Every structure is written in C-alpha cells, then in structure tokens.
Amino acid sequence: MNRGSGKSSGETLIEMDRTARSSGEENNGFHTSSLSDKESFQLENAGSMLSVVSECTSTVSVCSSHSSVAECEQCEREHTEPQQHLSSFKGVEKQQQSKDAVYFRDGVRRIDFVLSYIDDKDGEKKQDRRKEFEANLQKAGLDLETEDKSESEDGKTFFLKIHVPWEVLATYADVLKIKVPFKANDIPPKKEVPMSWLFTPYRLPDHVMNPEPDYFTYTFDKSKIDFFLIEDKETFFPPSTRNRIVYYILSRIPYSKDDKDKKGIKRLLNNGTYTAAFPLHDCRYWTRSRDANCESERYSLYKHWARFSRFYKEQPLNLIRKYYGEKIGIYFAWLGFYTEMLSYAAVVGLLCFIYGLATFDNNIWSKEICNETIGGQIVMCPLCDKKCGYWKLSTTCSSSWQSYLFDNSATVFFAIFMGIWVTLFLEFWKRRQARLEYEWDLVDFEEEQQQLQLRPEYEMKCTSRKLNLVTQEMEPYLPLTSKCARSMLSGATVLFWISLIIASIIGVIAYRLAVFAAFASIMKDSPTNKLDVVGSLITPQFATSVTASCINFVIIMILNFLYERVAIKITDMEVPKTHVEYENRLTIKMFLFQFVNYYSSCFYVAFFKGKFVGYPGNYAYMFGEWSGLRNEECEPGGCLIELTTQLVIVMVGKQVWGNIQEALVPWLRNWWVSRSARNHPESLYSRWEQDHDLQDFCQLGLFYEYLEMVVQFGFITLFVASFPLAPLLALMNNILEVRVDAWKFTTQFRRPVAAKAHSIGAWEEILNMIAVFSVVTNAFIVSFTSDMIPRLVYLYVYHPGTEITMEGYINDSLSVFNISEIPHANLPEEGENPEWFNSANMTTCRYRDYRYPPGHEKQYKHNMQFWHILAAKFAFIIIMEHVVFVVKFFVAWLIPDVPSDVKARVKRERYLIQEYLHDYELEKLKVQLSQNSPSVEQCTCPTTASAPLKVEMLSDCLT
C-alpha cells in the first residue's frame, strides 16, 4: 500500500490581504474554517506570510529571473543571508547540463513546471500579459528562471522554468487537503494466498510494485508540521503532487492589471501568449538518469511496464499513481482488471466454440441440407425479383455448418453465463476500487468541491452575475432563456446527427438489397464456384454480407471522425459551468453517438433482417413495391452467421484501426518534430526541450481511452450470444492495449498534470446500463436470431414417431408455394434460372416460414406451429431475463462493495488520527504552559484584540 498523496478539492488560489504583507509579526500557521466551497483562513500573525511572499520575491525570485549565472552570483552577494535553497549554488551552465537535468542552474531547486513561448514581433500585448502573469507568479512565492531563445534548439523558443518552494508547497498542501504520512502502518499484513508461488512469473520486483513504505495518513496541516513524518522537505511531496500544486496556482493567477477576472494558464495558452505548459519527465525513458538525486521513475515504468515483452506481467499501479497521479492510475487499474476478468469469459467462450466443433457430427439438420436426396431435391423460391432464379437448398450446405459452430445448445448457456459475468465484473470492480481508494488516500475525497471550480470559458462567456446564497458573493451565471435556447439547439443537433447515422445505415441496407440481385446474377456461373476449398463458401449472401459490412465500417469511421468534433462543439456551445459537468455532458453525447454508430448495423441484422419478408406472391418491400428492393431473407441456416460476420468485421476493424491510430500517429508526429534535434549534442537538447517536442496529453485524453473500451464492452456483452469468441478477441486486443497505452504515456506524451479521481466516473453508470441491456439483447438473439427455439419446439412437440429426434426438421421448417401463383413481376427473367430447373416438372418451391400449403382452406396463413414457436420464444425471453436478473441481484447483494479488511483499516486509521491528534495537542499545551508558567503573574491581556488577518479565495491576487 503506497500512501503519500492527498485529495484534490475545489478551493481557488489563496490570496493574502494587503495588511498581511505590511505586518512583521511571526506566524505559527493557518487555521481553516469551512465556508461552503470557499475557505477563509485566519492568520494568527503575518510574519510567515511575509516570508512566503515578500522575502521570496525580493531575493529568490529576483535571482531566478536572471538569465546568466554571473548575475545570480551578484544577486547572492547583495544578500548577506541568502535563502537555504541558494546556499549550495553551483552555477551550472547549460552546456554542462546533461539531457536529464531537471533542476535550475543552481543544481538545487527542482523544476516543477515549464512554460514555453515564442516572442512574436507583433506580440506586444502578449508580452504585457506574460510580464504581469510572471510578476504575479513571483508574488505567489514561485521561483522563476528563463532560458533565452538563443539557448534553445530551434533558436526561437523561450522556456520559463518554475520551482515551488517549501513554504508555498506547505501552504497549498493545507488548502488542497493533501494527505501525508503521520505513522507507520501497524496492521499485520494479510497472509499469503495458498499456492501464491504459482503467480511468481507474473509478478514484478517488490521495489517496483511498492516504491514507498506503508503509512497511515492524515490531511496536511501547516500549523502541525511536527505531527507528520517529514524526513526531507525537498522530497516529502512527490513530483506529481508538486506539479499539481503548481498547476493549481497557474490556473488562478491573473494576467491583466485592469481585469482581475482574466486569469489562468488555460486562457493564456488559448490566446497564444504561451505555447505550452507541462511538468517534466524525470529522465529519458530508455536509460537511467545520470543525476543520482533523480528518481528515474520514467525509466522504471518503461522497463517494467511499457514494453511489449512484459505483456504477461502485472502492472506497477502504485508507481503509475505516484508518477502520473490517481486519475491515470485508476484508468490503468480498471483496464487491467477488465482484461483479467475477460480471461474468464474468453475461456468459457472458447469452450463453447470447442463444444460446437466436438458435436459437429450431431448436426442432423445440416446433414439433411447437404444430403443430395433431401437438400439436393428441395427447390427454393427466388430470393429477389427478376435477377434471382430458383435454387437448391443444398447450396447453403457450408453456411449451415458454419452457423452450427455458434448456434448450438452451448449458445444459451453462454448467454446466461455472460449475464452473470457482467455482474461479477462490476461488483468485483467496486471492491477493487474501494481498496484502491483506501490505499491511495481517496476515502474522504469529495468531488463536490472540485465541481465548484468554474470553467474559465464559463466565466468569460457569462457576463451576467447574481448573488450566490451560500457564499454571499456575486458570481457569473447563464440566464435561463439562454440556457434553454442552447440546450434546445444542442438537442436538435444531436438528433440531426443521430438521424444522419441512421440514414447511413438505411443506405447500407439499400446497398445490400440492390447488390444481392447483382451478385446472384453474376455469381451463378462464376469461376469461383469451381474452387475446391472456398468455392462453396462464396455465395451471393456471403459476398453481400462481407462487402456491406466493410462499407459500413468505413462509414462508421468517417462519421466517428466527424461527430467527435460535433460533440465537442455543441458541448462548448452549452457552456457547462464546471469541468465535471462538461465531461459528463460530453460523455453522454459521445456514447450516444458511438452507440448508434457502431451497434445499429448489428441491431438490424439481429432483429430486423428476415423478420418482415412476407411470402411469395406477397413480398414486403423496403421503400414500397415501386422501389424493387425486397426485404432480405435469412438463409435456412439462420441469420446468426451473418450477425457473427458483421460483429467480427466491425469489432476487429475498430480495434486494429484504434491501435494503429493510438500508436503510429503520435510516433510519426514526434519523429517529425524531433527529426533534427535527435542529431544534436545533448547540451543543445535539454530535458525541457525533449518534453516540449512530445505530444501534449489533452484534458480529454483519458475520455477517449475509456470510450474505446466501453464500446468494446458493448460488443462483447450486447451481441455475445452470436459469437462466443468475442471475449477472446477482446482479451487479445486488451493485452496489447495496456502496453500500447503505457508505451504512449511513457515515451510519446508529455508528462500529464497529476489529477485526483476516486472512480472511473460516469463510465461506471454506462457500464451498468449496458450490463442490464445486454441481458435483454442476448435473450432476443437466442429467441429470434438463432434457430434454437424452433429446433427445441420441433424436437419435443413436432418430431415424427415416438423417438425424440431432429430428423425431418428441415422439411418441417420450410413452407410450400405454388409456382403458378407467383406474380409475373416477381418471376425470374429469362436466362436467370439454372439449367436443371424444368418448369414443366417443378410446380412448387419452398420458402422459410410456417404457413399452410396451397390448397388448404387457410392457405398461406400462419399455421399453429408458428404460434407455438412464437409463444415459446417469448416464454424463453421472460424466463431467461428473470433467471439472469435474479442471479445478478443476488450476486450483487452477496458481494459487499467494500472488503472487510479495508473497512477495518479505515476504522483503525480514523481511530489513530483522533488518538494521535489528542496526544499531540495535549503535549503541545503542556509545553506551552510550562514555558509561560514563570511569568503568569506578570501577563496582562489587552482589553481589545486586533482584528485577525484574513486569507481568502477569489480575491485580488497578491496585488
């Protein structure tokens, strides 16, 4: 268990009262008091704040602003008592620095953040913004050091390096309520799992898995420094925490003297004042840092995590969390757990597929189709008008055998198993998440405060203001009329794009109907029919299905590219108030688009194709009889094999394209940007320049990673009854996905700003929704897409004789139609019928349905067997759904969301916090009393107390 980081909250920048900077009294610390989303801090005295701001800005910040070492040395000589962090000033020139230098030129102060900019010729306004912004950064206590453009590899980029001193770190750690260690964990470790040695090959070394000791932690309090286990102030807060604090400050510092509402690094990046803002990687990924004081965690992550040869190893989650922060750590924990759970579903799916292979010879109905005396004598009615001729049932022999591999009795078992597997996955993830929340100090993490942070775009676009009844301060707001208008326009846009997706799917269906007739006409005498192995597989149905699926996949990719940008645009138009609200709205839109885009074609094949066909002489048409596009029929083997084909092409195609896009595109971009710098000596290609040339990890980077996996989750749950090997394909993809994402983060992207997150957010609700919906879809697939129910009805009700057998099923499942009654518009054109067809001898044809034969008083009406099968299908759906849902809810009730040992540890930690704080305060009071006891008699208290100095949020920033 790796403890040492705290929770993010929603406070804004601490800004000190002007009286605090004019006072000279000593300060013992801050005492916080809660005031809704804002906090006001009462200063006991103002001296400490003077040391945080005035002293740093008058000495350290001035020194750090110089661009040459000689000037800094002069600055040092002017101050007889330099700051502690300048005591070992080394004066290291850039030419003497290595590629891994992550310190200021003094070699002592660590670079916590880097800003880059290009000094444009016409950028006087940008210069003023930078000057004001950097001045306010110095007032906030940050140390700055600038690298001139002449020192950069391209000769035109300035780099502003930022260091956050201990006093500022301590102040903001108090504000952000970061948890830090106060006592070593005294709970005995859990006993090893029996036979745990079997997992040794999959484990990583202990120094990689547990980089820090196990501690009990408590929210940092600057007034109780000696309460915490602080060995070295320079390393007490890890770099991820330091860069999070710096970004918190950067996001709230104003850059305009006239308008204090203009603040934050995000706006400065948007308007081009700065070109980039990022924390540094600690070293090059392929080798350890030459600096002994550097952690080389990036190298450890690459060596043990981001290499493809480590695909079978566990992930070093504690190190990932320490280096990248909790939000990214939670993503990789979820992805790893999802991949692990997929292995169980993949094994069961593979066993179901093997069962289909093992019972291949028991497939009596396929044998009947392939038998020349049965299937070879059954003449089938044309599948389309004019261009399709009569055909023999035996031509579907191969597709019937293929269908059996996925459409057998194991299909029902696997559909039920996946309904239960989804519940186990979600419930066990909750337990895993609860354990991570405790281990990563997220138990008391509250997103409500974080949600109260207004987006800069919201503040900029909302010119109206109203009184906040909680804070009693004026804040920007969006009028109700504007909000309604924006929401209606956004909703209309979403509906338009969904309609566009549906229209494209209808277009693909029309393509299927149109080209099927063409394929049927062309392929009847095709040379491919004479091929030994694949000749029997290449049928008009197969050719239509494959080409339509490929076209549909291309359309999906094009629409995916377009509506990603549309979703962002319309979400921006809505002007969400907070970052959390923005991400939630975007999540809903994007998933809705993805759901319709990726799954609509599968829904068509599963639930619409072959269901509304009609019968010879009364066919149903897609756009009316005038269109000539007759609705598609399923083969006698069923539509399940076509659903399998559609699922495989779209799912596998998306996964392959996604991996290429994720890995190849960033690599090519980075190669192009750094192609010249790679050949320069290391003195000309510094650590910050190397990171500057990497790809920026955008705020929505993780959003797209989650979206990709959730769409895949939908494929393997919603339609898994049609393809038991889908979890196996997903497992193989995810094993690669983990390492591709790790490689991307470690080698191709700048180091992201660390962020807090205690869960996967809104995605958890989407997964729950898919899990419930998947039970319904799989029940309908087994009932209406598969031929399982008609076979069972025939086996137990309609089989001939006393012995239960499937013999005669094919003949029973096909109805008879009189050829002479087929309308002339539906008859094949001359030359389209095969040579063996003789209209004089063949008076009837067969079609797939349960209808009375010609000559019956109810001819061509549905017979009683049809209604029995329909009733059995609905009965199966009801029974399967109730069984699976009962088991799901029972399993969810049986498995507690929080493990018992985690509950015990949380209670133990809270108990120790109360006990240790009590003892600490008591000891402190004793010391204070003992120091004051000799002069108690002489002490006189003033009759009036001076007003306490106040430190508030959202005030004028240190001006």
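About the criteria used
- Residues numbered from 1 in each chain as written.
- Predicted model: local features only at pLDDT ≥ 70, side-chain atom pairs only at ≥ 80, totals over all residues.
- Heavy atoms only, no water.
- Helix = DSSP H or I, 4+ residues; strand = E, 2+ residues; numbered from the N terminus.
- Contact = heavy atoms within 4.5 Å.
- Disulfide = S-S within 2.5 Å.
- Buried < 20%, exposed > 50% of the residue type's maximum accessible area, 1.4 Å probe, protein only.
- Pairing = 2+ DSSP bridges.
- Axes fitted to C-alpha atoms, helices over the stretch in contact; angles between N-to-C directions.
- Parallel < 35°, antiparallel > 145°, perpendicular 65-115°, else oblique.
- pLDDT = per-residue confidence, 0-100.
- Salt bridge = Lys/Arg side-chain N within 4 Å of Asp/Glu carboxyl O.

Things to note about the overall build of the protein chain
(1) Moving on: Scanning the protein chain from N- to C-terminus turns up 29 helices and 18 strands.
(2) Moving on: Counted over contacts in the protein chain with a minimum sequence separation of 6, partners at least 24 positions apart contribute 78%.

Thoughts on the state of the cysteines
(1) Moving on: In this structure the tally under the stated criterion is three disulfides.
(2) Moving on: In this model Cys370 forms its disulfide with Cys397; the gap between the sulfur atoms is 1.7 Å. The chirality of the disulfide connecting Cys370 with Cys397 is right-handed, given an S-S dihedral of about 95°. One end of the pair, Cys370, is in helix α13 (residues 364–370); the other, Cys397, is in helix α14 (residues 397–406), and 27 residues separate them in sequence.
(3) Moving on: Across the disulfide from Cys381 sits Cys845; the S-S distance is 1.9 Å. On the sign convention where negative is left-handed, the bridge of Cys381 and Cys845, at about 85° about the S-S bond, is right-handed. Here the residue Cys381 occupies a position in the loop between β10 (379–380) and β11 (391–392), and Cys845 occupies one in strand β17 (residues 844–848), the gap between them amounting to 464 residues. Per residue, the accessibility class of Cys381 equals that of Cys845, and both read buried.

Focus: helix α10 (residues 297–304)
(1) Moving on: Burial runs high along α10: six of the eight residues are buried.
(2) Moving on: Looking at the packing, one finds that the buried side of α10 touches α6 (206–209), α11 (317–324), α22 (687–692) and α24 (726–748).

Side note on the pairing of strand β7 (residues 179–184)
(1) Moving on: Across the six residues that make up β7, a large majority, five, are buried.
(2) Moving on: The pairing of β7 with strand β8 (residues 215–219) spans five bridges and is antiparallel. Among the inter-strand pairings, Val180 is bridged to a residue of β8, identified as Tyr218.

Some details on the sheet that holds strand β6 (residues 157–163)
(1) Moving on: Strand order in the open sheet formed by four strands is β5-β6-β4-β9, with antiparallel pairing between adjacent strands. Strand pairing shows two members of the sheet lacking a second neighbour, β5 (143–147) and β9 (276–278), which therefore form its edges. Across this sheet, the average inter-strand angle for adjacent strands is 15°, counted without regard to direction.
(2) Moving on: Relative to β6, strand β4 (residues 113–118) runs antiparallel, the two sharing six bridges. Along β6, the bridge assignment pairs Ser116 with Phe159.
(3) Moving on: Sheet strands in contact with helix α4 (residues 124–139) are β4, β5 and β6, and its direction is about 165° off that of β4.
(4) Moving on: Along the sheet, helix α8 (residues 239–250) makes contact with β4 and β6, crossing β4 at roughly 45°.

Looking at the environment of Arg252
(1) Moving on: Here Arg252 shows up in the loop between α8 and α9 (265–270).
(2) Moving on: Sequence separation between Arg252 and Lys266 is 14 residues; the distance between their C-alpha atoms is 9.6 Å.

Focus: the packing of helix α12 (residues 326–358) against α14
(1) Moving on: With their axes 7 Å apart at the nearest point, α12 and α14 run at an angle of 140° to one another. Taken together, α12 and α14 sit at an angle that is classed as oblique. Only Tyr404, Leu405 and Phe406 of α14 make contact with α12, whose side of the interface consists of Phe353, Gly356 and Leu357.

Observations regarding the confidence of the model for the protein chain
(1) Moving on: Averaged over the protein chain, the pLDDT score is 78; the fraction of residues at 70 or greater is 80%.
(2) Moving on: Within the model, pLDDT remains below 50 along residues 936–959, and this stretch shows 57 contacts once partners closer than five positions in the same chain are excluded.

Points about the pattern of salt bridges
(1) Moving on: Counted by the stated rule, this structure contains 29 salt bridges.
(2) Moving on: For the salt bridge of Glu921 with Lys224, the shortest nitrogen-to-oxygen distance reads 3.4 Å. Remark: Lys224 occurs in the loop between β8 and α7 (233–236) and Glu921 occurs in helix α29 (residues 900–932); sequence separation between them is 697 residues.
(3) Moving on: You can call Lys224 buried: its relative accessible area is 14%.
(4) Moving on: Residues Glu326 and Lys756 are paired through a salt bridge, measuring 3.4 Å at the closest nitrogen-oxygen approach. Of the two residues, Glu326 is situated in helix α12 and Lys756 in the loop between α24 and α25 (762–785); the sequence distance between them amounts to 430 residues.

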